[in-house]
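# Geometric and topological summary
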Number of protein chains: 2
Amino acid sequence: MKSDLRQILSLIPSETFCLAAKTTLLSAGETATKVYFIKEGCVRLWYNNDGKDITCQFFMPGSMVASFESFSKENPSEFTIETILPTTVEVYDKKDIEEYRLSHPEQLDIALNFALDRANNYIHLFLSRIKDTPQQRYKDLLEQAPEIVASIPQHYIASYLGITPVSLSRIRKRISQK
Amino acid sequence: MKSDLRQILSLIPSETFCLAAKTTLLSAGETATKVYFIKEGCVRLWYNNDGKDITCQFFMPGSMVASFESFSKENPSEFTIETILPTTVEVYDKKDIEEYRLSHPEQLDIALNFALDRANNYIHLFLSRIKDTPQQRYKDLLEQAPEIVASIPQHYIASYLGITPVSLSRIRKRISQK
DNA sequence: CTGAAACGATAACATTTGTTAAGAAATCAC
DNA sequence: GTGATTTCTTAACAAATGTTATCGTTTCAG
């Protein structure tokens, strides 16, 4: 289904940009009108919790990122999206996506599937917080996405795991001592 | 939108059941084919984490519950749904819902909206875990849903908050001492 | 009604995490 | 290249939680 969407996107006009690290793609409070496909680099989606910056998700090459809830419901986004590394993205504009959708009404269910995938995605983010200790989650991240651990400053990873950088450093030490 | 859905449900056949406490509506591993509207009582959705039972959500009268992801995608459910208190539900069957949907294709976007709401729901479940301490989450629950705190055994609430019953008992003591 | 099970509070101790601070190393901006 | 910033580690102490166990109390099934 991800490839379905990718295939559809290929029929929609887009622009490609090369962005520096720490470039903001969408600020919290703005309403999303764009969807990004990551060709290279790394992007994170984060939440401002009373000044503390909490990374909710990392996006690596091959995936799409947007504040989909803001995009779909035309609400101000609760999240900020920014690059971590120098990143190349394809940018799709909402009006082009809408135009495509209107001319292909039979594919509304693709949007539905996509929304269901998003819901599923968040269920699993949520469950991973519930199920596992920070140490286990770090191990999982190491297994599932070593490239993230390798290429990204640790404080982003710590906030993703829900702990402080100090605690992450301790976990790393504990693991390396085995 | 919740009422939209409720209005639509009124056009779909349903059966009403009165169920004892601890009745299972859907077991993890089964594929959901039913949606429940709660008229009275209380239902929880829980996840089996290596034998440990983690309550993800409580559902009170007026809300609908199902393993929507399982229902939509026809996957085995990851969650179990069961009553906590004696509960009265209206049961809607998937084939009746599908029949309605097929005869009212203009309402596919209601399903889409519903899926988006679900995604939003889980985003906020997720965020509440990230943002707040268990103590703060307990206070929030007390404010937002005192009827849950009042009527449900504490170990369910503790697992919902992500802590042990012992720790919840300590939090309660700490709060009451102020 | 009665024995068994579930529930809730509490204690003691271990473990983990948060906080603050200091210092070394790597990276960045100019 | 050089000074400033960022990044990472480590230490010390405080605070919170987990674990295990005990002990009343309540609830439930028969």
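Residues numbered from 1 in each chain as written. Chains lettered and ligands numbered in written order. Predicted model: local features only at pLDDT ≥ 70, side-chain atom pairs only at ≥ 80, totals over all residues. Heavy atoms only, no water.

With that settled, consider the overall build of chain A. From N to C terminus, chain A includes 8 helices and 8 strands. Since a compact globule built from 178 residues should have a radius of gyration of about 16 Å, the 17 Å found for chain A is in line with a globular shape. If one aligns the C-alpha atoms of chain A with their principal axes, the spans along those axes are about 60 × 35 × 30 Å. When the 178 residues of chain A are sorted by exposure, 48% land in the buried category. Relative to all contacts within chain A whose residues are 6 or more apart in sequence, the contacts with residues 24 or more apart total 74%. Carbon and sulfur atoms form 52% of the exposed surface of chain A, whose accessible area is close to 8,900 Å². (Helix = DSSP H or I, 4+ residues; strand = E, 2+ residues; numbered from the N terminus. Rg over C-alpha atoms; globule rule 2.2 N^0.38 Å. Buried < 20%, exposed > 50% of the residue type's maximum accessible area, 1.4 Å probe, protein only. Contact = heavy atoms within 4.5 Å. Areas by Shrake-Rupley, 256 points an atom, 1.4 Å probe, with all protein chains shown as cover.)

Right, let's get into the protein's contact with DNA strand D. Around DNA strand D sit 16 residues, and of these Q154 and H155 of chain A together with T164, R170 and R174 of chain B come closest. Sugar plus phosphate, as a fraction of atoms of DNA strand D within 4 Å of the protein: 63%. S169 of chain A is positioned with one of its side-chain polar atoms (N or O) 3.1 Å from a phosphate oxygen of DNA strand D. Between a phosphate oxygen of DNA strand D and a side-chain N or O atom of R172 of chain A, the distance comes to 3.4 Å. Broken down by secondary-structure element, the contributors of at least two residues to the surface near DNA strand D are helix 7 (154-161) and helix 8 (165-176) of chain A together with helix 8 (165-176) of chain B. Top element by residues in the surface near DNA strand D is helix 8 of chain A. It accounts for 5 residues. Looking at the surface near DNA strand D residue by residue, the class counts come to 5 nonpolar, 6 polar and 5 charged. (Near = heavy atom within 4 Å. Polar contact = N/O pair within 3.5 Å; in protein donor to acceptor, adjacent residues only side chain to side chain. Nonpolar A, V, L, I, M, F, W, Y, C, P; charged D, E, K, R; others polar.)

This part takes up the interface of chain A and chain B. Taken together, the contacts link 31 residues of chain A with 31 residues of chain B. Of the roughly 2,900 Å² buried between chain A and chain B on both sides combined, carbon and sulfur atoms contribute 75%. Where chain A packs against chain B, one counts 2 salt bridges. Its salt-bridge partner being D117 of chain B, residue K73 of chain A comes within 2.5 Å of it at the nearest N-O pair. For the pair chain A and chain B, the interface holds 6 residue pairs in polar contact (both at pLDDT 80 or more). A total of 20 residues in the side of chain A that touches chain B trace back to one element, the largest contributor, which is helix 4 (residues 108-131) of chain A. Across the side of chain A that touches chain B, the residue classes tally to 17 nonpolar, 5 polar and 9 charged. (Buried area = accessible area lost by both parts, 1.4 Å probe. Salt bridge = Lys/Arg side-chain N within 4 Å of Asp/Glu carboxyl O.)

Glancing now at the protein's contact with DNA strand C. Among the 16 residues in the neighbourhood of DNA strand C, the closest are listed as T164, R170 and R174 of chain A together with Q154 and H155 of chain B. Each atom of DNA strand C within 4 Å of the protein was classed as base or backbone; sugar and phosphate made up 63%. T164 of chain A has a polar side-chain atom sitting 3.1 Å from a phosphate oxygen of DNA strand C. R174 of chain A places a side-chain nitrogen or oxygen 2.9 Å from a phosphate oxygen of DNA strand C.

A separate point is the environment of K39 of chain A. Residue and element names in this part refer to chain A. As for its position among the elements, K39 is in strand 3 (residues 34-40). Note on K39: relative accessible area 42%, which makes it partly exposed. Measuring from C-alpha to C-alpha, the distance between K39 and P61 comes to 4.9 Å, with 22 residues separating the pair along the chain. Setting aside residues up to four positions removed in sequence, K39 forms contacts with T16, P61, T88, V89 and E90.

With that settled, consider the packing of aromatic side chains. If you walk through the whole model with that rule in mind, you get 8 aromatic pairs over all chains. Here the basic side chain of K94 of chain A rests over the ring of F71 of chain A, its NZ or CZ set 4.5 Å away from the ring centre. (Phe/Tyr/Trp six-rings, centres within 6.5 Å; stacked < 30°, edge-to-face > 60°. Lys NZ or Arg CZ within 6 Å of the ring centre and 35° of its normal.)

Residues and elements named next belong to chain B. Pairing is antiparallel across the open sheet formed by 4 strands, whose spatial order is 2-7-4-5. Looking at which strands have only one partner, the edges of the open sheet turn out to be strand 2 (24-26) and strand 5 (52-59). The mean inter-strand angle of the sheet, taken between neighbouring strand axes irrespective of direction, is 35°. Here 7 bridges tie strand 4 (residues 43-49) to strand 5, and the two strands are oriented antiparallel to one another. (Pairing = 2+ DSSP bridges. Axes fitted to C-alpha atoms, helices over the stretch in contact; angles between N-to-C directions.)

Purely geometric numbers; function is a separate question.
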